[in-house]
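Examining the three-dimensional arrangement
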Amino acid sequence: MFENILAEKFKRIFDIAKVTYRKISASEEQSCLFIEVDEAKTRLKHGRFVGQVKGKIKVFAELEKLPLGYFMQRLSKASPDDLSDLYFYNFEENAGTIDNVIERTLRFIYLFNFQYDPDVGEITSITTTVTVG
C-alpha cells in the first residue's frame, strides 16, 4: 500500500526514472534505484494506515553518472513535502566497483500515516446524460 507512494517520492528526490522493489539481478541493472525493505511495522487505527518502514536504496551506475555526494546533492534540492516523512542515514556507502560501474547505497526510514481506504469519500456532484430514443 505504501510502496507506490514511496517509489514516486524516490523518483522525484533522486531524479532516477526507474525505481523498483525487485531483487537485484545478476546483471546489476544500471540507472535503476532498487528499494530493499528490511522491516515494515504497520497498523490500522481509527481508519488510518500508519507505519514505519526501514530499508536501503541501492543504485548501480557508471562512476561519472553517480559521483560521491550525488545523494546529498539531490536531497538538498528536494521538495520539503517529499522529505517530511523520510529520514536518511549511512550516506554514500560504496559497496563495490566492477570495472567502471559502482554500487552506492543509502539507508532510510519512512514514516507514513494515511487513510486506510482511499476510495472512501464524499460525492459532491454527478453528471448524467439521458438519451431518449
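I will try to describe carefully the structure that is included in this document. Along every chain, residues carry numbers that run from 1 in the direction the sequence is written. Since the coordinates come from a predicted model, pLDDT governs what is reported: local features require at least 70, and pairs of side-chain atoms require 80 or more to be given and counted, while whole-chain, interface and lining totals use all residues. The side-chain quantities take in all heavy atoms of the structure and omit both hydrogens and water.

**Description of the side chain of Asp82**
The numbering of helices and of strands both runs from the N terminus, where a helix is a DSSP run of H or I of at least 4 residues and a strand a run of E of at least 2. Examined against the element boundaries, Asp82 turns out to sit in helix 3 (residues 80-83). A 1.4 Å probe rolled over the protein chains alone gives each residue an accessible area, and that area as a share of the maximum for its type sets the label: buried under 20%, exposed over 50%, partly exposed in between. Judged by its relative accessible area of 9%, Asp82 falls in the buried class. Polar contacts, as counted here, are pairs of nitrogen or oxygen atoms within 3.5 Å of one another; within protein the pair requires one atom able to donate a hydrogen and one able to accept it, and residues that are adjacent in sequence qualify only if both atoms are side-chain atoms. Only 2.7 Å separates the side chain of Asp82 from the side chain of Arg12, close enough to count as a polar contact. Any two residues whose heavy atoms approach within 4.5 Å at even a single point are treated as in contact. In contact with Asp82, not counting residues within four places along its chain, are Lys9, Arg12 and Ile13.

**As for the packing of aromatic side chains**
Aromatic pairs are defined between Phe, Tyr and Trp rings, using the six-membered ring for Trp, whenever the two ring centres lie within 6.5 Å; interplanar angles under 30 degrees are classed as stacked, those over 60 as edge-to-face, and all others as tilted. Using the criterion set out here, one finds 14 aromatic pairs in the structure. The interplanar angle of 25 degrees and the centroid separation of 5.7 Å between the aromatic rings of Tyr87 and Tyr89 together place this pair among those described as stacked. Its relative accessible area of 25% is what places Tyr89 among the partly exposed residues. An angle of 35 degrees between the planes, with centres 5.6 Å apart, marks the rings of Tyr110 and Phe112 as tilted. Classification of Tyr110 by relative accessible area gives buried; the value is 1%. Ring pairing ties together the aromatic residues Phe10, Phe14, Tyr70, Phe71, Phe88 and Phe108, which thus form one cluster.

**Topic: helix 2 (residues 70-77)**
Side chains that are three or four residues apart share a direction in an α-helix, a result of its 3.6 residues per turn. Listed in full, the buried residues belonging to helix 2 are Tyr70, Phe71, Arg74 and Leu75. Along the axis of helix 2, the buried positions cluster into a sector of 130 degrees, meaning they face one direction only. Set apart from the buried face of helix 2 by more than 90 degrees, the exposed residues are Ser76 and Lys77. Of all possible arcs, the one meant is that of the directions from the helix axis to the C-beta atoms.

**Details of the nonpolar core**
In terms of nonpolar packing, the biggest core is built from 28 residues, with Phe10, Phe14, Leu33, Ile57 and Phe108 touching the most fellow members. At the level of secondary structure, the elements contributing two or more residues to this core comprise helix 1 (3-14), strand 2 (32-45), strand 3 (48-62), helix 2, strand 4 (86-98) and strand 5 (101-115). Discounting chain neighbours no more than four positions away, the residues touching Leu33 are Phe10, Phe14, Ile16, Lys18, Val19, Thr20, Ile57, Lys58 and Val59. Throughout, nonpolar core names a set of buried Ala, Val, Leu, Ile, Met, Phe, Trp, Tyr and Cys residues whose side chains join them through atoms within 4.5 Å.

**Some details on helix 1**
Its twelve residues give helix 1 an end-to-end C-alpha distance of 16 Å, which sits within 8% of 16 Å, the value for a rise of 1.5 Å per residue. Of all the residues in helix 1, the buried ones are Leu6, Ala7, Lys9, Phe10, Ile13 and Phe14. The buried residues of helix 1 all sit within an arc of 160 degrees when viewed along its axis, so they share a single face. Just beyond helix 1, the residue with positive phi is Asp15, at close to 55 degrees. The span one expects for a helix is its residue count, reduced by one, times 1.5 Å.

**Observations regarding the packing of helix 1 against helix 2**
Only the stretch in contact is used when a helix axis is fitted, and all axes are lines through C-alpha atoms; the angle between N-to-C directions ranges over 0 to 180 degrees. Viewed as axis vectors pointing N to C, helix 1 and helix 2 meet at an angle of 100 degrees, and their least axial separation amounts to 8 Å. Put simply, helix 1 runs roughly perpendicular to helix 2. Facing Arg12, Ile13 and Phe14 of helix 1, the residues of helix 2 in contact are Tyr70, Phe71, Arg74 and Leu75. Looking at the contact of helix 1 with helix 2 residue by residue, the classes come out as five nonpolar, no polar and two charged. Angle categories are assigned with fixed cut-offs, so that under 35 degrees is roughly parallel, over 145 is roughly antiparallel, 65 to 115 is roughly perpendicular, and the rest are oblique. Amino acids outside the nonpolar list (Ala, Val, Leu, Ile, Met, Phe, Trp, Tyr, Cys, Pro) and the charged list (Asp, Glu, Lys, Arg) are all regarded as polar, and Gly is one of them.

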